[in-house]
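Notes for the structure review
Next come the chains, spelled out residue by residue.
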Amino acid sequence: MKPLTRHTLHLTPLSPLHLGTGEDYEPTNYLIHGDALYTFDPARAILNPEQERELHAAAQSGDLQHIQRYFRHNPKPYIAAATHASSVSKGIAAEYQKNYGEIVQRESKGKNVHNRFQIERTATNPHNHQPYIPGSALKGSLRTALLEQLSGKKPPQGPLKTLEDQARYENKLLGSFATDLLRLLKPADLGATVPIATHIQYATNHKKRIVKGRERGDGPTGRRETIQHGQYRAFHGDITLQHLDLSHKPHLKDAAKKLPAAHSLDLAALARAANTYHLRRFAREAALLSERGLVDPAWLKSTQQLIDQLKPALDAGSHVLLRLGKNGGAESKTIDGYAQIKIMAGKGQKPTFEAQTKTVWLAADDDKSTRGLLPFGWVLIEIDANADNPALQQWSRANSAHLKAAADLQQQLAAAQAEQHERSAAAQAANAARAAQAAEQAAAEQAEAARLAALLAPFAAPPPAVYPSPPTGYRMRAEFRVWHDGDDCYFAMTNSAGERIRCDNFPPAYEAINRLMTPLMAAIRERPALRYRLFQAEFHAAQTGEVMVSLVYHRPLNDAWQTEAQTLAAALGISLIGRARKQK
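Described in the following lines is the structure provided in the data block. Counting of residues starts from 1 at the beginning of each chain's written sequence and follows it residue by residue. Thresholds applied to this predicted model are a pLDDT of at least 70 for local features of residues and 80 or more for the giving and counting of side-chain atom pairs; totals over whole chains, interfaces and linings are not thresholded and use all residues. Side-chain metrics in this entry use all non-hydrogen atoms of the structure; hydrogen atoms and water are not considered.

**Observations concerning the layout of surface pockets**
Lining residues are defined by having an atom within 4 Å of a point belonging to a cavity or pocket. Those points lie on a 1 Å grid over the protein atoms alone, cavities being sets where a 1.4 Å probe fits but cannot get out and pockets being open sets with protein on both sides within 12 Å along at least five of seven lines. Grid points are joined across faces, edges and corners, and a volume is the space filled by probe spheres set on the points. If you add up the space inside the largest pocket, you get close to 790 Å³. Lys208, Thr357, Lys358, Thr359 and Val360 are the residues nearest the centre of the largest pocket, which is lined by 31 residues in total. In this text, helices come from DSSP runs of H or I with a minimum length of four residues, and strands from runs of E with a minimum of two, each type numbered from the N-terminal end. When contributions to the lining of the largest pocket are tallied by element, the ones reaching two or more residues are strand S11 (198-211), helix H7 (267-292), strand S16 (341-343) and strand S18 (359-364). Among the elements that take part in the lining of the largest pocket, H7 stands out by supplying four residues, more than any other. Here the term charged refers only to Asp, Glu, Lys and Arg, the term nonpolar to Ala, Val, Leu, Ile, Met, Phe, Trp, Tyr, Cys and Pro, and the term polar to all other amino acids, Gly among them. Looking at the lining of the largest pocket, its residues break down into nine nonpolar, eleven polar and eleven charged.

**Section: helix H5 (residues 135-153)**
By definition here, a helix of n residues has an expected span of 1.5 Å times n minus one. For H5, spanning 19 residues, the distance from its first C-alpha to its last is 28 Å, which sits close to the expected 27 Å at 1.5 Å a residue. Among the residues making up H5, those that are buried are Gly135, Leu138, Ser141, Leu142, Arg143, Thr144, Ala145, Leu146, Leu147, Glu148, Leu150 and Ser151. We call two residues contacting when some pair of their heavy atoms lies within 4.5 Å. In the core, the buried residues of H5 are packed alongside strand S1 (4-13), helix H6 (163-174), strand S9 (185-187), H7, strand S15 (319-323) and strand S20 (378-383). Type-normalised accessible area, obtained with a 1.4 Å probe on protein chains alone, sets the label of each residue: buried when under 20%, exposed when over 50%, and partly exposed for intermediate values.

**A word on empty space enclosed by the protein**
Taken as a whole, this structure holds three cavities of 30 Å³ or more when the rule is applied. Considering only enclosed or pocket space, the largest cavity measures out at about 90 Å³ in volume. Lining the largest cavity, in full, are Leu9, Leu138, Leu142, Ile239, Leu267, Leu270, Ala271, Val320, Leu322, Ile381 and Ile383. Mapped onto the lining of the largest cavity, the elements with two or more residues apiece are H5, H7, S15 and S20. Ranked by residue count, the leading element in the lining of the largest cavity is H7, at three residues.

**A look at the packing of aromatic side chains**
Each aromatic pair joins two rings of Phe, Tyr and Trp (for Trp, the six-membered one) with centres within 6.5 Å, and gets the label stacked for planes under 30 degrees apart, edge-to-face for over 60, and tilted for any other angle. Counted under the stated rule, the structure contains 14 aromatic pairs. Their ring planes at 90° and their centres at 4.9 Å tell us that Phe71 and Tyr78 sit as a pair that is edge-to-face. Like Phe71, the residue Tyr78 is buried in the burial classification. Taken together, a centroid distance of 5.3 Å and an interplanar angle of 80° make the contact between Phe282 and Trp378 edge-to-face. Here Phe282, found in helix H7, pairs with Trp378, found in strand S20; they are 96 residues apart in sequence, far enough to count as distant. Trp378 sits in the buried class, given a relative accessible area of 1%. Among the aromatic side chains, those forming a connected cluster through ring pairs are Phe40, Tyr70, Phe71 and Tyr78. Distance and angle both matter: a charge sits over a ring if NZ of Lys or CZ of Arg is within 6 Å of the ring centre and within 35 degrees of the ring normal. Between the NZ or CZ atom of Arg281 and the centre of the ring of Tyr277, over which it lies, the distance is 3.5 Å.

**Quick word on the pairing of S1**
Two faces make up the sheet, and in a regular strand the side chains alternate between them. Two strands pair when backbone bridges link them, and S1 and strand S14 (residues 235-242) are joined in this way by eight bridges, in the antiparallel orientation. Counted as the bridge partner of Arg6 is Thr240 from S14. The pairing of S1 with S20 spans five bridges and is antiparallel. Pairing of Leu9 across the sheet is with Ile383, part of S20. Note on pairing: two strands pair once DSSP finds at least 2 bridges between them.

**Re the nonpolar core**
Grouped together as the largest cluster of nonpolar side chains are 40 residues, with contacts concentrated most on Leu11, Ile133, Leu138, Leu185, Leu322 and Leu324. Elements that contribute at least two residues to this core include exactly S1, H5, H6, S14, H7, S15 and S20. Of all the elements, H5 adds the most residues to this core, at six residues. With residues up to four places along the chain from it excluded, the contact list for Leu324 reads Leu11, Leu17, Leu19, Ile133, Ala137, Leu138, Ser141, Gly377 and Val379. Core analysis: the next-biggest nonpolar cluster, separate from the first, contains 33 residues, Val482, Cys489, Cys503 and Ala512 among them. For the purposes of this section, nonpolar cores are sets of buried Ala, Val, Leu, Ile, Met, Phe, Trp, Tyr and Cys residues that join through side-chain atoms within 4.5 Å.

Okay, structure coming up:
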């Protein structure tokens, strides 16, 4: 027998799959635009000078809300720089547009706490930005199934009340770390065979039994990135079995404490144990969800038909039904008859330990939905498949309507990336032209200086020195419109083409004016008395660093305005003037 036997695995998701890593999408590394989430590295985006100035001002402000608002107002370059795109449920897209970056509470010292809009990310390969299936997830699921099979042959002598009792019993069935039978099983991570469609949706909690008219459970609704079901053989990888050949009788002291009792594993037998374990749980869950009317009936019917069609392969151990990832329920990670599932009680009450959970987690596109939902985590694995699987292909086609949006999204992303490549080439050409122009100007300056030196040579004049004008910070006055856009307002100018340009800073203006623009506008946004019907701001700076600001309004100014203005002027160290028609 060979010391190592390798088998190929193909995995097809049968329901939404989330393999958590404890990572969320970072608020400065993604944006939701339309019905899609785009993941990007901000450093890869190609920005025009105005966008660069806006980004610099947002970053300097240190205000997360300001940074988030910047990305929402400038989506195009970041979509083009995206490394991955996911479809987004309409419920989450609407929630994002309404709440992202808004203040959700104020701490005792007055500090604002902003909505970070957490979305839990599924396990993703950092090199190709595609989801993958960790080999440890496969091994853990197989291990639990094998433990349940062995527990039927060697039941515990007493109740397993503590974690220590459970660990001792597990060691009795499978061995300690050194003698564990599954040391001989080495699954690799399963990688994507095609671009994987992912979807941002809700994980909602529902009671298994309606209690006092309450259908929903107490678990908090979460936002998850899920690998979408219906993707035929989306993942591929290997699993290796090690066979211990001791025919040469090696000298090992206490071999029984250093090697597994069995010297080889039968993968088909292990697959059959996993099928026994998971088919029983699938049947129980299907009956429950059908009775409660929670599950999508078309999905349930087609999936049950698929399992019936594949029963010979499941019985033979060439196919494996598994449940992986988060929100699959504690019953899919415990042993029947010995489970001690912690059930949290009300505030101030002690938890109880039960054989079954009281609620079930389901994937939903609307956090209020109680119909047409799907369970998490069901997958089908084919072992050493040498030909196509017609039954699985037919099931995938019947359950793939939702994948069209993902395919369209990938085409849009490819088009945006191609456009970015063209812009990058154009930017490089423009930079080269500017460099050539600068070199030409420098040569002209040198020639002029040489000509002037020749003219003054008879008078023994010193060589001329060239003093270029400063490219920034030379204007001591600046005037801006104040543009109101929903909850946002900002300084703006109009270019020669009549287009409105947002100005979070203004490089030609004196440094003191630029330092003031961001904190001043942030303060105005948070003070309705200063913000209401403000339409223009005028800055006047002195070389001492002092700044006077005139705010011009389309309304009369009252005592509330004066109180807020005086407070703000003192906080910023400026002179603040309010102007309105016939009023100053």
